[in-house]
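# Fold and geometry: a report
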Amino acid sequence: VFPTWLAPNLITFSGFLLVVFNFVLMTYFDPDFYASAPGHKHVPDWVWIVVGILNFTAYTLDGVDGKQARRTNSSTPLGELFDHGLDSWSCVYFVVTVYSIFGRGPSGVSVFVLYMLLWIVLFSFILSHWEKYNTGVLFLPWGYDISQVTLSFVYIVTAIVGVEAWYEPFLFNFLYRDLFTTIIIGCALCVTLPMSLSNFFKSYKNNTLKHNSVYEAMVPLFSPCLLFILSTVWIFQSPSDILEIHPRAFYLMVGTAFANSTCQLIVCQMSSTRCPTLNWLLLLPLFLVVMVVNFGVTAYVESVLLYGLTTMFTLAHIHYGVRVVSKAAEQPFSYLSFLIEEAEFRLTRNGRKEYWHVICRKKYYK
């Protein structure tokens, strides 16, 4: 489908941008997650159609980038890192976007329940990479494909029948919001967790684990767990109920910090190096903010701290990604290419002119 000059990394990045665009679009039309609640101005039907089409397009691009890499013979470890790194950041964007279907309100989901569901998705994602860090094998649950196709379909259906259709019980007194939470929890507990643990113990029995001690095997989970503890403490100790006031910013802060820790894990698993014990660069500022909030601050100061921390995490994560890509691009056969060009060069060898067919790759970072 795609021309051979189109690099797989560009396909990956385009899919990620579509996910971010959906997040931004829903932020404009549903900033506080009340748009789907009864008595509130609903999101226009055309927005749901756009979000559904772009979500399916992003899912498709995420699935074909690897095929394009193999087709053009441009597969590199950096391309794999680029793909999984963006996937880790996409988790928060697509989960928060889905939230707008049900929103808060009497027929929706509370912001704290969504916070917990977000963490279930995040831990499900990192569990697969924790498995590869210890076993060398990456297991990608098939539930992801079904969920993305289903979500795209639900977006389109919402545009046709309206958000009011989700107010009605799905079965007896079982609401659609309950179905939504059950699917997320069920996939994590019945598919992702059992498969990852099963593969881990199989590797243990076969004596193929990369890390023999329990401590070293669990190191990659230290930062995400501490991030969960600190962010949850902030929610419960917040004097202004920060999650109720700024849920979208809080989700983004947590999701970005998680993506950074996950990217560090991905880099370590691909380079066969030890994962850092803690992500001090992001966890230390979060710890300090939680301590300040615990002593009591005004609602305005707490909001400033949240948005300042979210901005800092975002910039730090982007900076980390650029540095990793720049360093890796300097290694042989590990470049990040956004464009592949085929050309013919006329060379002179021993007085004879010859044509050579080569592949030129324009490096985005160098």
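Not measured: the values here are computed from a predicted model. (Residues numbered from 1 in each chain as written. Predicted model: local features only at pLDDT ≥ 70, side-chain atom pairs only at ≥ 80, totals over all residues. Heavy atoms only, no water.)

The next point concerns the overall build of the protein. Assigned secondary structure in the protein consists of 12 helices and four strands. A burial count over the protein gives 50% of its 366 residues as buried. Surface exposure of the protein reaches about 18,300 Å², of which carbon and sulfur atoms provide 68%. (Helix = DSSP H or I, 4+ residues; strand = E, 2+ residues; numbered from the N terminus. Buried < 20%, exposed > 50% of the residue type's maximum accessible area, 1.4 Å probe, protein only. Areas by Shrake-Rupley, 256 points an atom, 1.4 Å probe, with all protein chains shown as cover.)

Attention now goes to the confidence of the model for the protein. Across the protein, pLDDT averages 84, with 88% of residues at or above 70. Mean pLDDT across the elements of the protein bottoms out in strand S4 (residues 352-363) (36) and peaks in helix H8 (residues 222-237) (95). Contacts of residues 339-366 to residues separated by more than four positions or lying in other chains number 60 contacts, the stretch itself having pLDDT below 50. (pLDDT = per-residue confidence, 0-100. Contact = heavy atoms within 4.5 Å.)

Below, the discussion takes up the environment of Asn134. Mapped onto the elements of the fold, Asn134 is located in helix H4 (residues 111-135). For the pair Asn134 and Gln269, spaced 135 residues apart in the sequence, the C-alpha separation amounts to 8.2 Å. Within polar-contact distance, the side chain of Asn134 engages the backbone oxygen of Ala217 at 3.3 Å. (Polar contact = N/O pair within 3.5 Å; in protein donor to acceptor, adjacent residues only side chain to side chain.)

Another point: the packing of aromatic side chains. One pass over the structure, following the stated rule, counts 26 aromatic pairs. An angle of 85° between the planes, with centres 6.2 Å apart, marks the rings of Trp119 and Phe258 as edge-to-face. Of this pair, Trp119 sits in helix H4 while Phe258 is found in helix H10 (residues 247-271), placing the two residues 139 residues apart along the sequence. Every member of this aromatic cluster is reached through a ring pair, and the members are Phe112, Tyr115, Trp119, Phe123, Phe228, Trp234, Phe236, Phe250 and Phe258. Directly above the aromatic system of Phe23 lies the positively charged group of Arg248, at a separation of 5.3 Å from the ring centroid. (Phe/Tyr/Trp six-rings, centres within 6.5 Å; stacked < 30°, edge-to-face > 60°. Lys NZ or Arg CZ within 6 Å of the ring centre and 35° of its normal.)

What follows concerns H8. Here H8 contains 16 residues, and its C-alpha end-to-end distance of 22 Å stays within 8% of the 22 Å for a straight helix at 1.5 Å per residue. Buried within H8 we find Ser223, Pro224, Leu227, Leu230, Ser231, Thr232, Trp234 and Ile235. (Expected span 1.5 Å × (residues − 1).)

Attention now moves to the packing of H4 against helix H6 (residues 176-205). Taken N-terminus to C-terminus, the directions of H4 and H6 make an angle of 15°; their axes are 10 Å apart at the nearest point. By the angle class used here, H4 and H6 are roughly parallel. The crossing of H4 and H6 is left-handed. Touching Val113, Leu114, Leu117, Ile120, Val121, Ser124, Leu127, Ser128, Trp130, Glu131, Asn134 and Thr135 of H4 are Phe180, Thr181, Ile184, Ile185, Ala188, Thr192, Leu193, Ser196, Asn199, Phe200 and Ser203, all from H6. (Axes fitted to C-alpha atoms, helices over the stretch in contact; angles between N-to-C directions. Parallel < 35°, antiparallel > 145°, perpendicular 65-115°, else oblique. Left-handed = near helix turned anticlockwise from the far one by under 90°.)

The next point concerns the pattern of salt bridges. Taken as a whole and judged by the stated rule, the model has three salt bridges. A salt bridge links Glu244 to Arg104; its shortest N-O distance comes to 3.1 Å. Residue Glu244 is located in helix H9 (residues 242-245), and its partner Arg104 is located in the loop between helix H3 (77-102) and H4; the two are separated by 140 residues in the primary sequence. What makes Glu244 partly exposed here is its relative accessible area of 37%. (Salt bridge = Lys/Arg side-chain N within 4 Å of Asp/Glu carboxyl O.)

The next subject is the nonpolar core. Within the largest apolar cluster, 89 residues are counted, with the highest numbers of intra-cluster contacts made by Tyr93, Trp234, Phe250, Tyr251, Met253 and Leu286. Grouped together as the second largest cluster of nonpolar side chains are six residues, Leu78, Val324, Val325 and Ala328 included. (Core = buried A, V, L, I, M, F, W, Y, C linked by side-chain atoms within 4.5 Å.)

With that out of the way, let us pick up the side chain of Ser88. Residue placement: Ser88 occurs in helix H3. Every residue in contact with Ser88, bar those within four places of it in the chain, is listed here: Phe125, Phe258, Ala259, Thr262 and Cys263.

By secondary structure assignment, the location of Val267 is in helix H10. Residue classification places Val267 among the partly exposed positions, given a relative accessible area of 23%. Along the primary structure Val267 and Pro77 are separated by 190 residues, whereas in three dimensions their C-alpha atoms are 9.7 Å apart. With sequence-adjacent residues up to four places away left out, Val267 is seen in contact with Leu81, Tyr320 and Val324.

Here the phi dihedral of Phe33 falls at roughly 70°; this positive angle occurs in a residue that is not glycine. Within the element layout of this structure, Phe33 appears in the loop between helix H1 (8-29) and helix H2 (45-71). Backbone geometry places Asn207, a non-glycine residue, at a positive phi of 60°. Mapped onto the elements, Asn207 comes out in the loop between H6 and helix H7 (214-218).

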